[in-house]
Amino acid sequence: MITFIGMGLLGSNFTKALLQQGNTVQVWNRMHKKAVALESAGAKAIQDIQQAVKGIKRIHLTLSDDASVDSVLAAAEPALEKGCFILDHTTTSMQGAIDRTRNWAEKGIHYVHVPVFMGPANALESTGYMLISEASPILDQVLPMILPMTGKVLQYGTNPGRAAAIKLMGNSFLITMTTGIADMLGVAKSMGVPNEDITNLFENWNAGATAPARLTRMLSGKYDQPSWELQMSRKDARLMLEVAEAAGKQLAILPACATEMDRWLAKGMAEKDWTIIGSEHL
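Residues numbered from 1 in each chain as written. Predicted model: local features only at pLDDT ≥ 70, side-chain atom pairs only at ≥ 80, totals over all residues. Heavy atoms only, no water.

### So, the packing of helix α11 (residues 230–246) against helix α12 (residues 254–265)
Okay, step 1: Here α11 crosses α12 at 145°, and the two axes come no closer than 10 Å. The element α11 and its partner α12 pack so that their crossing is left-handed. In this structure, α11 uses L230, Q231, S233, R234, A237, M240 and L241 to contact α12, whose residues at the interface are L254, P255, A258, M261, D262, W264 and L265.
Okay, step 2: Among the residues forming the contact of α11 with α12, the class breakdown is 10 nonpolar, 2 polar and 2 charged. (Axes fitted to C-alpha atoms, helices over the stretch in contact; angles between N-to-C directions. Helix = DSSP H or I, 4+ residues; strand = E, 2+ residues; numbered from the N terminus. Left-handed = near helix turned anticlockwise from the far one by under 90°. Contact = heavy atoms within 4.5 Å. Nonpolar A, V, L, I, M, F, W, Y, C, P; charged D, E, K, R; others polar.)

### Describing the sheet that holds strand β2 (residues 25–28)
Okay, step 1: Overall, parallel pairing links the 6 strands, which are arranged β3-β2-β1-β4-β5-β6 in an open sheet. For this open sheet the edge positions go to β3 (44–45) and β6 (110–113), each flanked by a neighbour on one side alone.
Okay, step 2: Two strands pair when backbone bridges link them, and strand β4 (residues 58–61) and strand β5 (residues 85–88) are joined in this way by 4 bridges, in the parallel orientation. Along β5, the bridge assignment pairs I59 with I86.
Okay, step 3: On top of the sheet, helix α5 (residues 94–106) reaches β5 and β6; it is set at about 165° to β6, its chief contact. (Pairing = 2+ DSSP bridges.)

Given below as structure tokens:
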């Protein structure tokens, strides 16, 4: 028997996938009707949180944040069985993951943070990525539980907060990339570029494929042989900002990028590779 707590988009589809794989799953959610909705897929909806975890060796969580995880686990604690595994897929703070791992271990319970880079479709199809940072023998016991739930498990050593850190790092990229796309659309619309021309460009030019090489270059700390000079990238940013302003478009990322470029230009870095703007974080 598996108990799954948190029937949002991810939790619901994780539950359906586990059921399709032949597992017996009972579910709990603060709004009980969301748990009941999974009964048509074969799950058993439990209304009382302690009843949901009583005698269960394997418990999964997909909640919203540190506070919700702590609140739900505090409510469930009187019924938790010693030696059980709590596999938490919630995106939380690094320190929260560290503290929970330590605190629950002191109570004889295995809390393991397993955040994901997965959307609802991935959860249903058992694709995407799960992250884990845990030592053996706990790791050896958890891997068989999570491997069927994902396309790949990425392991990040034994620091119990490292998986949480990697998850937040990755999400920061997704947020800034998406906001950057929004700015790009604003610039495109300012110049009257139709949607089909935008999609045609990205069907032929995979800008995302340059990310690993760009990261490698930035981590190298070498900026003396530029592929795009800082002064030239700032000139292009000026052109973008000017056309957007003329069209009355509000941009989010590009103004901040221009400000950061100006800071480095003031340091005399005009002829350096423009990726020097990230050098303070190395």
